[in-house]
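Survey of secondary and tertiary structure
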Amino acid sequence: MPDYMYLLESRLSPEQHAALKSIAEIALAESLNIYLSGGAVRDLICGAMIRDLDITVEGNPARMVRELEKRDAQILEEDERLRHYEMLLPGGVECSFAAAREEVYERPGAKPELRWSTILDDLRRRDFSLNAIAISLNLASRGLLLDPTNGLADLEKHEVRALTMHSFTNKPVRLLRALRFAVRMNFKLESRTAEWFALAKERKLDDTLEGEEVGSELMQLGREENPIAILKEWGKNELLKAFHPRLQKRLPDYASLGRLLKVRDAMAAAGYRTSLWAPVIHYVLGRLKSRETSAALHRMEFRTKAIERITGLEAEATKIIKMLKGRKTGTPRETYAYLQSVPMEMMAFIQTEFSQPKALGKIKNFLYKWKPLRQTLPVAELEMLGMARGPQFDKVIEAFFQLQLQGRARNPQDRIPTLRKLAGIKEPKKPKPVKEEPPAKGKAGKKEKEKIKEAAGPAAAEQTRGERIRGAGKSKASAATPAPPAAPAKPGKAATTRQPEKAAASAAKKSPAPTHKKKPVAKKKSAPRKKAAPKKRKRR
C-alpha cells in the first residue's frame, strides 16, 4: 500500500493532485466511496503519462458533479443512463466520473442489463485485465490496490488479455480497442485473446460495429501519442472501413498527420499541452469528399458542435490568418491580445496546414517569446518595493509587460528602476560618507592617544611594552657585536695613501666658489652606518 500511495503523490501533476484532493473532500462529505481506476491506474503503474483521471463511484456521482460545478468545473459530456460524466476541472485536468455497475448478458452479443454494484463487480465486467485495476482514494483505505483479474501480471508480461471468450462478441468495438492498446503500450495480444480476435474477424463481427462506439474510438485516437501507428495497424487488419467504407482504400492523410505531430511535440516542449482530436480527425477523414466526411461524422453520432468544429477548421484558420496579416494586429500588444482568444489547437493546425510567414511568425512569437515573458513578471520585486496587492498593483505589472512586448526592460538591471518609475516610487537617498577628522596636534593629540590606549585596555599596553623591550634588546645586541677587522695594510704604502687625501682637501679649501647657481638635488637618506673600529698601525 505505501508504494501506491507514493505513486499517487509523486506521479501526478500538481493540478491533478489538487483535483484528487478536492474530489476526496467532496466524497467524504457525501459519504461516497471513490476509486481511481482504469487507464489512470494502468498508466500510473507502467510509468506512462497520465492523460486524465478515471473515478469510479459506489453510488450516484451526480451529487459530486454538481458540487464540483460550484468550484468552477465544467461538464463536457453527460450520460444519465450510465451515470457517466466527462468533466474539465480547474487547472485543465480532464476527469471522468462513472457509477460502479455490472453488465448481465442473456446471451453473447445481446444488449446487457445494467445493475448498480460494487467496485469489484465493476472491475470484473471490463474489457481487458490491464484496465481492471483500481486504487482506493477513501480515507480508511487510501492507496489500497484492487486487482481481481490479475492485471498486474499481464502488465509485467506486456500482454493485452481479454477477460472472457465472449469479450469481442459482446462488444465488437473491442477489436479496435485491443489493437489501440497494443500499439500504444508496445504490447502483444495474449495467445487466447489473439485466437478470439481472429475468430471474431472470421465471423465478420467488425461489420457490426455501432456508430457511437466507433466515434468514441476515433475521439480517443485524437488523444494518442502516436495515432499514425494505430491507424496503420487498423488498416492492416482491415478495420478502417468501420469509419467509412472508402477509407480502407483512400487511407488517411499520413503526411499532414506527421507534420501535426511535430508541431504538437514542439508545443509540448515549451509547456503547452492541448487536445488535438479535431485536427487529427480532420486528417483521418481528409481524403474523403466533404459530403462523405459529414455523412461519416453523423453516422458515428458526433454532436453538432463537434461536427462544426471538425469541418470548419480550414475556414476558421483562414479568418485568423487574415486578421494576423491586417492592421488590427500591427503591434505586439495588439497581436498578443488577439491570440489570447485563439485556441491552441487552431494555432497548431495553422502551423501544420498553412505557409504564411507573417502570420506564422506572430504565432511563434506569441508561443515561444511573449508567453514565457508573461510567466516571469516581477511580482515579487514589486512587493519588495513596498507596493501592496490590488488594482494599482495589477496595472503596474501589466504596464511592465507591455514594455517588455516592445523590447524594453528585459535586462535584469533595468527591472527595478522601471518598476519604480511605473509605480511612482522614489529611490531612497544615499547616505553621505562620514569624513574622518585629522588627528589633533600638541597636548590635545597626546590626550587622544591616551584615551585610545585606555580604550584598548591593559592587553594592548602590555603588547606595546613588549615591543619596546624587544626593540631595545635588538639595538643593544647590534652595538655589542664588533665590526670585522680591516685588512692589514702593506708596509711602506700607508703614508702614500694618506698624502693624496690631504692634498685634495687643501685644494678644495683654496678653490673659489662657482659663479652659477646649481639646482639643489634631493639627497637620499642613507641608512646609518655602523662605526668602524680604529685601525691599528703595525710597528715597523
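If you're wondering where the values come from, they're calculated on a predicted model, not measured in any experiment.

**Comments concerning the overall build of the protein**
- On a plain count of helices and strands, the protein comes out with 26 helices and 11 strands.
- Relative to its 540 residues, the protein shows a buried fraction of 38%.
- Residue pairs at least 24 apart in sequence account for 63% of intrachain contacts in the protein once pairs closer than 6 positions are excluded.
- Here the protein has roughly 34,600 Å² of accessible surface; of this, 53% comes from carbon and sulfur atoms.

**Considerations on the packing of helix α11 (residues 227–236) against helix α13 (residues 254–269)**
- Packing of α11 against α13 leaves a shortest axis separation of 10 Å and a crossing angle of 155 degrees. With respect to α13, the element α11 is oriented roughly antiparallel. Every residue of α13 that contacts α11 at Pro227, Ile228, Leu231 and Lys232 is listed here: Tyr254, Leu257, Gly258 and Leu261.
- Split into classes, the residues belonging to the contact of α11 with α13 amount to 6 nonpolar, 1 polar and 1 charged.

**A word on the packing of aromatic side chains**
- Applying the stated criterion across every chain, the model contains 7 aromatic pairs.
- Centroid distance Tyr336 to Phe366: 5.3 Å. Interplanar angle 50 degrees. Geometry classified as tilted. Of the two residues, Tyr336 is situated in helix α18 (residues 332–339) and Phe366 in helix α20 (residues 357–375); the sequence distance between them amounts to 30 residues. An identical accessibility class is assigned to Tyr336 and Phe366; each is buried.
- Through successive ring pairs, a cluster of aromatic residues spans Tyr283, Phe349 and Phe354.

**Thoughts on the side chain of Asn131**
- Mapped onto the fold, Asn131 is located in the loop between α5 (119–124) and β8 (134–136).
- What Asn131 contacts, discounting residues up to four positions off in sequence, is Gly38, Gly39, Arg42, Arg126 and Phe181.

**Some details on the confidence of the model for the protein**
- Residues of the protein with pLDDT of at least 70 account for 79%, and the chain-wide mean is 83.
- Here residues 500–505 scores under 50 on pLDDT; set against residues more than four positions off or in separate chains, the count is 0 contacts.
- Low pLDDT (under 50) marks residues 507–511, which in the prediction has 0 contacts with non-local residues, meaning those over four places away or in another chain.

Parameters and conventions
- Residues numbered from 1 in each chain as written.
- Predicted model: local features only at pLDDT ≥ 70, side-chain atom pairs only at ≥ 80, totals over all residues.
- Heavy atoms only, no water.
- Helix = DSSP H or I, 4+ residues; strand = E, 2+ residues; numbered from the N terminus.
- Buried < 20%, exposed > 50% of the residue type's maximum accessible area, 1.4 Å probe, protein only.
- Contact = heavy atoms within 4.5 Å.
- Areas by Shrake-Rupley, 256 points an atom, 1.4 Å probe, with all protein chains shown as cover.
- Axes fitted to C-alpha atoms, helices over the stretch in contact; angles between N-to-C directions.
- Parallel < 35°, antiparallel > 145°, perpendicular 65-115°, else oblique.
- Nonpolar A, V, L, I, M, F, W, Y, C, P; charged D, E, K, R; others polar.
- Phe/Tyr/Trp six-rings, centres within 6.5 Å; stacked < 30°, edge-to-face > 60°.
- pLDDT = per-residue confidence, 0-100.

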